[in-house]
Amino acid sequence: MTAPLPPAPLLPLADGAVIPQIGFGTYKIPPADTARLCRTAIDAGYRHLDTAALYGNEAEVGEAVRTSGLPRDELFVTSKLWNDDHGYERALRAFDATMERIGLERLDLYLIHWPVPSQSLFVETWRALIRLRDEGRVRSIGVSNFHPHHLRRLIDETGVTPVVDQVELHPWLPQDEVRAFGDAHGIRTEAWSPLARGRMLAEPVLAGIAADHDRSVAQVVLRWQVQLGNIAIPKASSEARIRENLDVFDFALTPEQMDAVAGLANGERTGRDPDLD
Ligand SMILES: NC(=O)c1ccc[n+]([C@@H]2O[C@H](COP(=O)([O-])OP(=O)(O)OC[C@H]3O[C@@H](n4cnc5c(N)ncnc54)[C@H](OP(=O)(O)O)[C@@H]3O)[C@@H](O)[C@H]2O)c1
């Protein structure tokens, strides 16, 4: 086995916990492959795994954690509440079901997956997550795909600020407003599809920067994420790519290169606008 890479830096969260800046995303990884790929990631040096009820692979992520040989507190595990489980009581039951599947005593981070504004239930759902946190069943609570105006409602109506907002974020969609709101309120911005599902990798500007550093385009994009202060959770299916995506802490983009990547912003999403659901 190849030697593990140094682990990603731990970023402090506003509730006193810490989160590894690079995690392993598991969306669309079939359950039959999930435990193996998560173990590959852990062996490579990852200490952060991202799953969701929607992904159908929580059990296999839990299995990878339980069989990793690492103390539980060295791994950071996130899961998410799906859209048909909004509402106070339903959210509590959804969390129980996630914990039953994942087979762990405690979760590190539980997120509301989407605000689904048409249901108008996300504040009630948030109250359930606050209870779960207060009961110690989850260390930290946050949201995903929340625009600043959704975050504002949570804060105004419950007084409790999410510690993370996990949003689609890559050079085409840098989410400046979400990041500025997060910086002002102690909310860490976490990038999902940090490589725009791989579509980002054909950008010629990025290829030029990659050549300057003798790195891959994926590494340039993830390094840009790191230098912005984002958490990022790339998904990959081979050991070589899994390792490559964590190996971004020994080089740096220049301010000019950061600007060149920022110049790619065009608002293009690979997923839905959260306000449309
Ligand atoms: N909260 C949400 O609503 C939400 C939504 C979407 C995703 N997510 C989370 O974010 C994670 C990552 O997002 P994502 O999986 O959609 O997209 P992504 O990480 O941006 O991109 C994954 C794609 O890029 C390819 N890739 C990865 N590393 C590469 C490398 N070093 N070189 C070349 N190609 C590479 C992968 O190919 P191979 O797999 O073939 O290696 C895969 O096709 C998900 O797994 C999930 O955990 C959350």
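Since the model is a prediction, treat every value here as computed from it, not as a measurement.

Trainee: Talk me through the UniProt feature "site: Lowers pKa of active site Tyr" (unreviewed entry) in the protein; I want residue IDs and the actual numbers.
Mentor: Within this numbering scheme, the UniProt entry marks K80 as carrying the feature "site: Lowers pKa of active site Tyr" (unreviewed entry). Within the secondary structure, K80 is located in strand β5 (residues 76-81). Of the residues examined, K80 reaches a relative accessible area of 0% and is grouped as buried. Every residue in contact with K80, bar those within four places of it in the chain, is listed here: D50, T51, A52, A53, Y55, Y110, L111, H113 and Q166. Of the polar contacts made by the side chain of K80, one reaches the side chain of D50; its length is 2.6 Å.

Trainee: Residue-level account of the pairing of strand β7 (residues 138-144), with values.
Mentor: Most of β7 is tucked away: six of the seven residues are buried. In this structure, β7 lies alongside strand β8 (residues 164-168), joined through two bridges in parallel fashion. The partner of V143 across the bridge, within β8, is D165. The handedness of the β7 to β8 crossover, carried by helix α5 (residues 148-158), is right-handed.

Trainee: Report on helix α2 (residues 58-66), specifying residues and quantitative values.
Mentor: E58, E60, V61, G62, A64 and V65 are the residues of α2 that are buried. Check the buried side of α2 and you find it contacts α1 (31-44), β4 (48-50), β5 and α3 (88-102).

Trainee: Summarise unusual backbone geometry; cite the residues concerned and give the values.
Mentor: Backbone geometry places Q175, a non-glycine residue, at a positive phi of 55 degrees. You can see Q175 is positioned in the loop between β8 and α6 (176-185). Take Q175: its relative accessible area is 12%, and that puts it in the buried class. For D214, which is not a glycine, the phi torsion comes out positive at approximately 55 degrees.

Trainee: I'd love a proper account of α1, names of residues and values included.
Mentor: In a regular helix each residue adds 1.5 Å, so 14 residues correspond to 20 Å; α1 covers 20 Å between its end C-alpha atoms and thus fits that length. Regarding α1, the residues found buried are T34, A35, L37, C38, T40, A41, I42 and A44. Each element contacted by the buried residues of α1 is listed here: β3 (24-25), β4, α2 and α9 (239-246). One or two residues past the end of α1 sits G45, with phi positive at roughly 125 degrees.

Trainee: Tell me about a positive patch on the surface, and please be specific about residues and values.
Mentor: A cluster of basic residues, K28, R197, K235 and R241, forms a positive patch at the surface. Along the polypeptide, R241 turns up in helix α9. Judged by its relative accessible area of 56%, R241 is exposed.

Trainee: Got a sec to walk through the sheet that holds β5? Specific residues and values, please.
Mentor: Strand order in the open sheet made by the eight strands is β3-β4-β5-β6-β7-β8-β9-β10, with parallel pairing throughout. The open sheet is flanked by β3 and β10 (231-232), the only strands paired with a single partner.

Trainee: Describe in detail the site of the ligand, supporting the description with residues and values.
Mentor: Around the ligand, a shell composed of 28 residues is seen, among which D50, S193, L195, K235 and S237 lie nearest. At a separation of 3.1 Å, a nitrogen atom of the ligand approaches a polar side-chain atom of E244. Isolated, the ligand exposes 910 Å² of accessible area, and the fraction of that covered by the protein chains is 87%. If you tally residues by element for the shell around the ligand, the top one is α9, at three residues. Residues that form the shell around the ligand fall into these classes: 12 nonpolar, 10 polar and six charged.

Trainee: Quick rundown of the UniProt feature "binding site: substrate" (unreviewed entry) in the protein? Include the residues and the values.
Mentor: UniProt annotation of "binding site: substrate" (unreviewed entry) refers to H113 when read in the numbering used here. Residue position: H113 is located in the loop between β6 (107-112) and α4 (122-134). A relative accessible area of 6% means that H113 is categorised as buried. If we ignore the near neighbours within four places in the chain, the residues touching H113 are A52, L54, Y55, K80, L81, W82, N83, S144 and N145.

Reading the values: the criteria
- Residues numbered from 1 in each chain as written.
- Predicted model: local features only at pLDDT ≥ 70, side-chain atom pairs only at ≥ 80, totals over all residues.
- Heavy atoms only, no water.
- UniProt positions renumbered as here; feature names shortened; annotations may be inferred.
- Helix = DSSP H or I, 4+ residues; strand = E, 2+ residues; numbered from the N terminus.
- Buried < 20%, exposed > 50% of the residue type's maximum accessible area, 1.4 Å probe, protein only.
- Contact = heavy atoms within 4.5 Å.
- Polar contact = N/O pair within 3.5 Å; in protein donor to acceptor, adjacent residues only side chain to side chain.
- Pairing = 2+ DSSP bridges.
- Right-handed = clockwise from strand over helix to strand, strands pointing away.
- Expected span 1.5 Å × (residues − 1).
- Patch = residues over 30% accessible without salt bridge, like charges linked within 9 Å, V, L, I, M, F, W, Y side chains within 5 Å.
- Areas by Shrake-Rupley, 256 points an atom, 1.4 Å probe, with all protein chains shown as cover.
- Salt bridge = Lys/Arg side-chain N within 4 Å of Asp/Glu carboxyl O.
- Lys, Arg positive; Asp, Glu negative; His and termini not counted.
- Charge placed at Lys NZ, Arg CZ, Asp CG, Glu CD.
- Near = heavy atom within 4 Å.
- Nonpolar A, V, L, I, M, F, W, Y, C, P; charged D, E, K, R; others polar.

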